[in-house]
Amino acid sequence: GENVEQHPSTLSVQEGDSAVIKCTYSDSASNYFPWYKQELGKRPQLIIDIRSNVGEKKDQRIAVTLNKTAKHFSLHITETQPEDSAVYFCAAVGAGSYQLTFGKGTKLSVIP
Amino acid sequence: GAGVSQSPRYKVAKRGQDVALRCDPISGHVSLFWYQQALGQGPEFLTYFQNEAQLDKSGLPSDRFFAERPEGSVSTLKIQRTQQEDSAVYLCASSLRTSGNGGELFFGEGSRLTVL
């Protein structure tokens, strides 16, 4: 089955700096890679996703890049704000599958 | 309601008790998933329903876990003879589409189970 590794497990940045979270996956057939944000005690919410036919996707301060050859994808947050503080999860799922496999999460702290 | 609703939000059970966790998905959503999230970990897949059909239960950790969605809407996750290792947040998610890569999963707030 799919295995998703996520790094780092914790990340502290100063407000206004950029944050980068990296994930690797094992199943070369995986073709959909969402990122979820989970605030303390809240539900995970989708913030951005990318499909395997695209190398990069951007939405305002958030961007995701995908390297299919290396089987890794990354989340980039620019101009971080205190409200970006949360746990971020990457995930992967294969074609025709429905099992999202999640990474273990990255706790991002943005220091004002 | 507008989102996925789960109840109870918190459940404390004595070891050996049975528990039932309820999920009300978004109306019209075909797919329903249950995930288990241990403290400090990512959600782990338990089971998947497409309408009333349970197409995948490979993630259920033991035969003490049982899930149903008899009318293709509300789902119940039942855990029999609870053990301490069952303590976790149980997340329900629904999706309009029939595959995991079909788009956004909408999660509920979760049911936090603590087994003493």
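Overview of the structure. Fair warning: this is a prediction, and the values are worked out from it, not measured in the lab.

This brings us to the sheet that holds strand 7 (residues 65-68) of chain B. All names here are of chain B. Reading across the sheet, the 4 strands line up as 1-3-8-7 and stay open at both edges, with antiparallel pairing between neighbours. Single-partner strands in this sheet number two, and they are strand 1 (5-7) and strand 7. Within this sheet the neighbouring strands show an average axis-to-axis angle of 15°, counted without direction. Pairing geometry for strand 1 and strand 3 (residues 19-24), over 3 bridges, is antiparallel. If you follow S5 over to strand 3, its bridge partner there is D24.

Time to look at unusual backbone geometry. Omega for the peptide link from H7 of chain A to P8 of chain A comes to -5°, which places this bond in the cis form. Locating P8 of chain A in the fold gives a position in the loop between strand 1 (4-7) and strand 2 (10-14). The amide bond that connects S7 of chain B to the next residue, P8 of chain B, takes the cis arrangement and shows omega of -10°. In this structure, P8 of chain B sits in the loop between strand 1 and strand 2 (10-13). Of note in the backbone geometry, Q60 of chain A takes a positive phi value of approximately 55° without being a glycine. Here Q60 of chain A is to be found in the loop between strand 6 (56-59) and strand 7 (62-67). The class for Q60 of chain A is exposed, based on a relative accessible area of 71%.

Over the atoms rolls a probe the size of a water molecule, and its path tells where empty space is left. Computed from the structure, the largest pocket encloses a volume of approximately 770 Å³. Lining of the largest pocket is provided by 33 residues; of these, Q38, L40 and V87 of chain A together with L39 and G40 of chain B occupy positions nearest its centre. Looking at the lining of the largest pocket, the elements that each hand over two or more residues are strand 9 (86-94) and strand 11 (106-111) of chain A together with strand 9 (88-95) and strand 11 (111-115) of chain B. Counted by class, the lining of the largest pocket contains 11 nonpolar, 15 polar and 7 charged residues. A volume near 300 Å³ is recorded for the second largest pocket. Lining the second largest pocket we find 17 residues, and of these E2, T101 and F102 of chain A together with P43 and E44 of chain B sit closest to its centre.

Quick look at the sheet that holds strand 8 (residues 72-77) of chain A now. Residues and elements named next belong to chain A. On the basis of which strands lie adjacent, the open sheet formed by 5 strands has the order 1-3-8-7-6 and antiparallel pairing. Every other strand in the sheet has two partners, leaving strand 1 and strand 6 as the edge strands with one partner each. Here the average twist between neighbouring strands, direction ignored, is 15°. In this structure, strand 1 lies alongside strand 3 (residues 19-25), joined through 4 bridges in antiparallel fashion.

All names here are of chain B. Mapped onto the elements, Q6 comes out in strand 1. Using a relative accessible area of 7% as the deciding quantity, one classes Q6 as buried. Here the side chain of Q6 touches C92 through a polar contact of 2.9 Å, landing on its backbone nitrogen. Only 3.0 Å separates the side chain of Q6 from the backbone nitrogen of G110, close enough to count as a polar contact. What Q6 contacts, discounting residues up to four positions off in sequence, is R22, C23, W34, Y90, L91, C92, G108, E109, G110 and S111.

The rules behind each value
One numbering rule holds for all chains: residues counted from 1, following each sequence as written. Note on labels: chains are lettered from A, ligands numbered from 1, in written order. Since the coordinates come from a predicted model, pLDDT governs what is reported: local features require at least 70, and pairs of side-chain atoms require 80 or more to be given and counted, while whole-chain, interface and lining totals use all residues. Excluded from the side-chain calculation are hydrogens and water; included are all heavy atoms of the structure. Any two strands with at least two DSSP bridges between them are considered paired. Counting from the N terminus, the helices are the DSSP runs of H or I reaching at least four residues and the strands are the DSSP runs of E reaching at least two. Axis definition: a line fitted to C-alpha atoms, limited for helices to the stretch in contact. Angles are taken between N-to-C directions and run from 0 to 180 degrees. Three labels apply to residues, based on accessible area from a 1.4 Å probe with only protein chains included: buried if under 20% of the type maximum, exposed if over 50%, partly exposed otherwise in between. In this analysis a 1.4 Å probe is tested at points of a 1 Å grid over the protein atoms alone, and where it fits but cannot get out there is a cavity; an open set with protein on both sides within 12 Å along at least five of seven lines is a pocket; lining residues have an atom within 4 Å of a point. Grid points are joined across faces, edges and corners, and a volume is the space filled by probe spheres set on the points. Only Asp, Glu, Lys and Arg are considered charged in this grouping, and only Ala, Val, Leu, Ile, Met, Phe, Trp, Tyr, Cys and Pro are considered nonpolar; every other residue, Gly among them, is considered polar. Nitrogen and oxygen atoms within 3.5 Å of one another constitute a polar contact, given that in protein one can donate a hydrogen and the other can accept it, and given that sequence-neighbouring residues count only through two side-chain atoms. Contacts: residue pairs with any heavy atoms within 4.5 Å of one another.

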